[in-house]
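Residue-level structural notes
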Amino acid sequence: MGTSAKRGVLDQVTASVKSSQIWRSIFRHGYPDTPLNQSLIMMGNVFLHLHPVKVSRQAMRITYTWCLGGISFFLFLVLTITGVFLMFYYIPADQQAYGNIQTIQSAIAFGAITRNMHRWAAHLMVISVSLHMIRVFYHGAYKPPREFNWVVGVVLFLLTLLLSFTGYLLPWDQIGVLAIQVGSNMANYAPVIGDAVHRTLIGGLDQYPTQNTLIRFYTLHVLFLPLVAAVFMAVHFWRIRKDGGEAGPPPPSRSEVELNEAP
Amino acid sequence: MATTTSPSSAQKRYRTLAVVKQEAITRVEKQLEDSVFVWPHLLIREFLAAVLMSVMLTVVSLAINAPLEVRFNVNFPPPAVAKAPWYFLGLQELLHYFPPTLAGVLLPGFVLAGLAAVPYIDNNPSRAFNDRKLAIAIFTMFVVFFAIITVIGSFFRGGGWQWVWPWQGEFFNL
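Residues numbered from 1 in each chain as written. Chains lettered and ligands numbered in written order. Predicted model: local features only at pLDDT ≥ 70, side-chain atom pairs only at ≥ 80, totals over all residues. Heavy atoms only, no water.

This brings us to the packing of aromatic side chains. Centre distance and the angle of the planes are the two values used to describe a pair of aromatic rings. The full count for this structure, using the stated rule, is 25 aromatic pairs over all chains. Ring geometry for Phe 137 of chain A versus Tyr 138 of chain A: centroids 6.1 Å apart, planes at 85°, classification edge-to-face. Looking at Phe 137 of chain A, the relative accessible area reads 4%, which means it is buried. Relative to Phe 139 of chain B, the ring of Phe 137 of chain A has its centre 3.8 Å away and its plane inclined at 15°; by these criteria the two rings are stacked. Taken together, the residues span two chains, with Phe 137 of chain A in helix α8 (residues 111-138) and Phe 139 of chain B in helix α4 (residues 133-155). Accessibility expressed as a relative area gives 7% for Phe 139 of chain B, which makes it buried. Taken together, the aromatic side chains of Phe 137, Tyr 138, Tyr 142 and Trp 150 of chain A together with Phe 139, Phe 142, Phe 145 and Phe 146 of chain B make up a single cluster linked through ring pairs. Its end group placed over the ring of Phe 37 of chain B, Lys 54 of chain A keeps NZ or CZ at 5.0 Å from the ring centre. Over the ring of Phe 137 of chain A we find Arg 132 of chain B; its NZ or CZ atom is 5.3 Å from the centre of that ring. (Phe/Tyr/Trp six-rings, centres within 6.5 Å; stacked < 30°, edge-to-face > 60°. Buried < 20%, exposed > 50% of the residue type's maximum accessible area, 1.4 Å probe, protein only. Helix = DSSP H or I, 4+ residues; strand = E, 2+ residues; numbered from the N terminus. Lys NZ or Arg CZ within 6 Å of the ring centre and 35° of its normal.)

Okay, here's the thing in structure tokens:
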């Protein structure tokens with residue numbers, strides 16, 4: 001008796017909340033447990049509409065995609081959130097940067113785990129993006145009509161490496177600075193434009209990274225590269241849908257088809 | 001494309017109501033695809049993958065601290081070897097064999113351009129493994145080659161980029 005009375009109150013409250021103007025102004029349709037509402041939510045929600053309403057059962061299997069593209073995107077989100085937290089405490093100045101990292105690591109609440117997550121997620125993202133690319137190649141999923149989305153993917157792969165590379169300098173420890181020195185010295189050897197590229201990267205004529213280098217790498221790392229990557233990701237995800245969804249497992253080969261057609 | 005005509009004026013006005021692609025039109029002979037709703041079938045998988053990843057990342061981050069070497073000082077003696085981040089150690093290994101213009105600039109540029117051009121070079125329309133033996137063989141050799149030189153650059157190179165065995169010392173940073 002008591003339970004049913006309580007449920008009655010709960011049901012009444014739920015019903016009145018769901019019929020209120022506030023609720024109905026936010027949610028334009030009912031809970032997505034009917035085919036109509038399952039379609040409406042995918043079409044009406046700005047985040048969900050990057051997905052189609054329906055997907056092929058075969059293409060959705062975990063053992064087909066291994067979720068590698070989704071994991072790469074998720075790691076990008078983790079890196080954005082942990083990165084914002086680190087930005088609260090990090091000053092891109094050659095005299096302060098190293099000390100800031102030490103403070104984050106030892107004196108800030110959740111500082112160490114956040115920095116650790118940022119670092120490990122960055123390495124994982126390089127791995128997951130590479131594996132995603134390898135997976136797509138073996139499934140031949142770059143073939144028409146998906147050629148251009150593969151090219152967008154190659155750009156995203158490069159952006160992932162650049163994001164990781166620019167972040168490497170920021171702690172201003174010995175290995176970071178020397179790794180960037182090795183990397184940016186490479187630019188010197190580019191034909192014709194080598195000197196100019198090196199000067200642009202380092203921010204001057206110095207042999208080692210300086211304050212100029214630090215502020216450049218910082219700005220690229222926290223602002224320019226993530227924005228560019230976000231734009232390319234939007235194009236990448238949208239085109240998956242517009243090019244007919246995931247390619248799905250490869251069809252049978254020519255010889256297998258012939259074998260089946262033979263009497 | 002459907003059009004409407006304004007009846008009141010002589011001037012025709014057009015509105016795009018819908019663009020229907022050829023392949024989207026239902027044809028009787030076209031087999032119905034075996035498809036499921038994204039909500040909940042795909043979204044639950046994406047959600048679980050995200051949860052699993054979060055748990056893994058949290059556990060790893062609780063267990064292992066991100067490295068932080070000594071503060072950079074231009075007057076300090078440099079370490080035995082300055083290594084790039086691990087994903088560039090394959091290229092750094094190639095620098096050991098080839099001039100920097102080739103190994104450090106032209107080759108990575110060529111690899112990226114080549115990767116981007118893959119769909120336009122590979123004209124084979126079939127996606128079946130048995131029809132793509134050449135493409136798969138070339139790509140596999142490329143991946144294995146880069147994996148091997150990356151591992152060599154990471155664990156088998158020490159001071160002055162001299163060959164070391166992993167048990168002779170660790171010259172690797174994450």
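Here the focus is helix α1 (residues 38-63) of chain B. With 26 residues, α1 of chain B extends 36 Å from end C-alpha to end C-alpha; this agrees with the ideal 38 Å at 1.5 Å per step. Within α1 of chain B, the full set of buried residues consists of Val 38, Leu 42, Leu 43, Ala 49, Ala 50, Met 53, Leu 57 and Ser 61 of chain B. Turning to α1 of chain B, the residues buried within the fold contact α3 (35-44), β1 (54-56), α4 (57-60), α6 (68-89) and α8 of chain A together with β1 (35-37) of chain B. (Expected span 1.5 Å × (residues − 1). Contact = heavy atoms within 4.5 Å.)

This brings us to the interface of chain B and chain A. At the junction of the two partners, chain B supplies 74 residues and chain A supplies 84 residues. For the pair chain B and chain A, the two sides together bury roughly 7400 Å², of which 70% comes from carbon and sulfur. If you sort the residues of chain B by the area they bury against chain A, Trp 39, Phe 72 and Arg 127 of chain B come out on top, with a joint share of 12%. Counting across the interface, chain B meets chain A through two salt bridges. The salt bridge partner of Arg 57 of chain A is Asp 34 of chain B, with a shortest N-O separation of 3.3 Å. Across the chain B-chain A interface, the total number found is 37 residue pairs in polar contact (both at pLDDT 80 or more). In terms of residue count, α1 of chain B provides more of the side of chain B that touches chain A than any other element does, 17 residues in total. Split into classes, the residues belonging to the side of chain B that touches chain A amount to 48 nonpolar, 14 polar and 12 charged. Here β1 of chain A runs beside β1 of chain B; their pairing, made up of three bridges, is antiparallel. (Buried area = accessible area lost by both parts, 1.4 Å probe. Salt bridge = Lys/Arg side-chain N within 4 Å of Asp/Glu carboxyl O. Polar contact = N/O pair within 3.5 Å; in protein donor to acceptor, adjacent residues only side chain to side chain. Nonpolar A, V, L, I, M, F, W, Y, C, P; charged D, E, K, R; others polar. Pairing = 2+ DSSP bridges.)

Residues and elements named next belong to chain A. Taken N-terminus to C-terminus, the directions of α6 and helix α12 (residues 211-242) make an angle of 155°; their axes are 12 Å apart at the nearest point. With respect to α12, the element α6 is oriented roughly antiparallel. When the axes of α6 and α12 are compared, the crossing they make is left-handed. On α12, the residues that touch Phe 73, Phe 76 and Met 87 of α6 are Tyr 218, Val 222, Pro 226, Ala 229, Met 233 and Phe 237. Across the contact of α6 with α12, the residue classes tally to nine nonpolar, no polar and no charged. (Axes fitted to C-alpha atoms, helices over the stretch in contact; angles between N-to-C directions. Parallel < 35°, antiparallel > 145°, perpendicular 65-115°, else oblique. Left-handed = near helix turned anticlockwise from the far one by under 90°.)

What follows concerns the environment of Phe 156 of chain B. All names here are of chain B. Its place among the elements puts Phe 156 in the segment after α4. Along the sequence, Phe 156 and Pro 78 sit 78 residues apart, while their C-alpha atoms lie 20 Å from each other. In contact with Phe 156, other than residues within four places in its own chain, are Val 151, Gln 162, Trp 163, Val 164, Trp 165 and Pro 166.

Bringing the environment of Ala 128 of chain B into the picture now. By secondary structure assignment, the location of Ala 128 of chain B is in the loop between α3 (100-121) and α4. Setting aside anything within four residues of it in sequence, one finds Ala 128 of chain B in contact with Pro 250, Pro 251, Pro 252 and Ser 253 of chain A.

The next subject is the packing of α8 of chain A against helix α9 (residues 147-169) of chain A. All names here are of chain A. Taken N-terminus to C-terminus, the directions of α8 and α9 make an angle of 160°; their axes are 10 Å apart at the nearest point. The orientation of α8 with respect to α9, classified from their angle, is roughly antiparallel. As for how α8 packs across α9, the hand of that crossing is left-handed. In this structure, α8 contributes Arg 119, Met 125, Val 126, Val 129, Ser 130, Met 133, Val 136 and Phe 137 to the contact, and α9 contributes Trp 150, Val 154, Phe 157, Thr 160, Leu 161, Ser 164 and Tyr 168. For the contact of α8 with α9, a count of residues per class yields 11 nonpolar, three polar and one charged.

Looking now at the environment of Ile 148 of chain B. The topology assignment puts Ile 148 of chain B in helix α4. Considering only alpha carbons, one finds Ile 148 of chain B and Gly 90 of chain B, 58 residues apart in sequence, at a separation of 7.9 Å.

A word on the pattern of salt bridges. Taken as a whole, this structure holds four salt bridges over all chains when the rule is applied. When the shortest N-O distance is used, the salt bridge between Asp 122 of chain B and Lys 143 of chain A registers 3.3 Å. Placement of the pair is Asp 122 of chain B in the loop between α3 and α4 and Lys 143 of chain A in the loop between α8 and α9, with the two residues belonging to separate chains. Residue class for Asp 122 of chain B comes out buried when judged on its relative accessible area of 16%. By relative accessible area, Lys 143 of chain A is classed as buried at 2%. Arg 239 of chain A serves as the salt-bridge partner of Asp 243 of chain A, at 3.8 Å between the closest nitrogen and oxygen. Looking at Arg 239 of chain A, the relative accessible area reads 27%, which means it is partly exposed.

Turning our eyes to something else, we now look at the side chain of Ser 39 of chain A. In this fold, Ser 39 of chain A is placed in helix α3. Here the side chain of Ser 39 of chain A touches Pro 35 of chain A through a polar contact of 2.8 Å, landing on its backbone oxygen. Aside from chain neighbours lying at most four places away, what touches Ser 39 of chain A is Val 53 of chain A together with Phe 37 of chain B.

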